Amino acid sequence: MLRAAGCVYAEDEAQLLLSAAADASQLGSMVALRLSGLPLEQVVGWAAFCGQRISVSPGVFVPRRRTEFLVRLAAARAFPGAVVVDMCCGSGAVGTALVNACGPLELHAADVEPAAVSCARRNVEPLGGNVHQGDLFAALPPELRGNVNLLVANAPYVPTDSIGLMPPEARLYEPHVTLDGGADGLDIQRRLASEAPYWLMPGGSLLVETSEDQAEASAEILELCGFAASVESSEDLDATVVIGTQ
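Criteria and cut-off values
Residues numbered from 1 in each chain as written. Predicted model: local features only at pLDDT ≥ 70, side-chain atom pairs only at ≥ 80, totals over all residues. Heavy atoms only, no water. Core = buried A, V, L, I, M, F, W, Y, C linked by side-chain atoms within 4.5 Å. Buried < 20%, exposed > 50% of the residue type's maximum accessible area, 1.4 Å probe, protein only. Helix = DSSP H or I, 4+ residues; strand = E, 2+ residues; numbered from the N terminus. Contact = heavy atoms within 4.5 Å. Phe/Tyr/Trp six-rings, centres within 6.5 Å; stacked < 30°, edge-to-face > 60°. Lys NZ or Arg CZ within 6 Å of the ring centre and 35° of its normal. Pairing = 2+ DSSP bridges. Axes fitted to C-alpha atoms, helices over the stretch in contact; angles between N-to-C directions.

Within the largest apolar cluster, 31 residues are counted, with the highest numbers of intra-cluster contacts made by Leu98, Leu105 and Leu207. Looking at this core, the elements with two or more residues in it are α4 (68-75), α5 (93-102), β4 (106-111), α6 (114-124), β6 (148-153) and β9 (239-245). A total of six residues in this core trace back to one element, the largest contributor, which is α5. Setting aside its immediate chain neighbours within four residues, Leu207 contacts Leu70, Leu73, Ala74, Arg77, Leu150, Leu151, Val152, Ala153, Val241, Val242 and Ile243. Formed by 28 residues, the second largest nonpolar core is a distinct cluster that contains Val83, Leu151, Leu200 and Val242.

So, in C-alpha cells, the structure goes:
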C-alpha cells in the first residue's frame with residue numbers, strides 16, 4: 001500500500017509502522033494517516049536525529065538530518081555549563097542533541113508556535129532545559145541578556161514563493177511559520193542577527209542553518225550586524241551553516 005502510494009522507502013516505513021503499532025487496528029489507522037500524506041515521523045511520534053529519538057507531534061516541524069551538521073558545529077563550540085539558546089526550536093531537537101553531545105548545559109529553547117513549545121518540553125525538560133514561547137528574543141528571560149555563550153537557530157529560510165514547490169509532507173502538514181523566511185528567505189535571519197549581539201557574551205557565537213544558494217547573503221547579514229562571519233558546508237548532509245562570532 002505504501003509503495004503504491006509513492007513512498008520511496010516503502011519497506012523501511014512499513015517496518016517502522018509495524019514496530020510502532022500496538023495492534024492491527026492501530027496499524028491500520030497509522031497506515032491510513034501515512035497514506036493521507038502525514039509525515040511518517042508525526043505518525044509514529046518520533047524522529048531519528050543525532051542518534052536519538054526526538055518526540056514529534058502532528059503540526060510540529062520535523063527535524064531534518066541536514067540539521068545534524070548545525071549540531072556538530074555547535075557542539076565544537078559548547079562546553080559544560082555553557083548558556084545555550086536553541087532559537088526557533090521546533091521539537092527542541094537541536095538543543096536536546098547538544099546536551100546529549102556535550103553534557104550539562106544551561107539550555108533555553110524558544111519557539112513562537114504553541115504546539116512546538118509543548119513538544120519541545122517533552123524533549124528538553126527531562127534534560128534540565130527550559131522552554132519558552134514567544135517571538136524570537138521576546139520569549140527569553142531578561143536575565144539572559146548579555147549572558148548567552150551560544151545561540152543556534154534553524155530559523156525559517158524558505159522564500160515565500162518557494163513554499164508551494166516543497167514536498168506535500170512539509171507544505172501541507174508543517175506550519176508555514178516554521179518554513180516561510182519572507183521574500184528572499186532571509187527575513188528571520190536579519191532579525192536574529194540584529195538582536196543577537198545584545199544577548200551574546202563577548203566572544204559568543206551565533207550559528208544559523210541556511211542554504212548553499214543563500215550562504216553568501218546570510219554571511220553578509222551577520223557581518224553588517226558586527227559579527228565575524230564564516231560559512232561551513234557538509235556535502236554528505238547537503239547542509240550549510242553560517243557562523244557569526246562577536
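All told, the structure shown has one aromatic pair when counted by the stated rule. Their ring planes at 20 degrees and their centres at 5.7 Å tell us that Phe137 and Trp199 sit as a pair that is stacked. Within this pair, whereas Phe137 is found in the loop between β5 (130-133) and β6, its partner Trp199 is found in the loop between α8 (187-195) and β7 (200-210), the two being separated by 62 residues in sequence. Trp199 sits in the buried class, given a relative accessible area of 8%. Against the face of Trp46 rests Arg53, its NZ or CZ located 3.9 Å from the ring centre.

Further remarks concern the sheet that holds strand β8 (residues 228-234). One open sheet holds the seven strands; their spatial order is β5-β4-β3-β6-β7-β9-β8, and the pairing between them is mixed. Here the strands that pair on one side only, and so sit at the sheet edges, are β5 and β8. Adjacent strand axes in the sheet meet at a mean angle of 20 degrees, parallel and antiparallel pairs treated alike. For strand β3 (residues 83-87) and β4, the ladder comprises five bridges, and the chain directions are parallel. Note on β4: the bridge partner recorded for Val83 is Glu106. Here α5 sits on the sheet in contact with β3, β4 and β6, set at roughly 150 degrees to β3.

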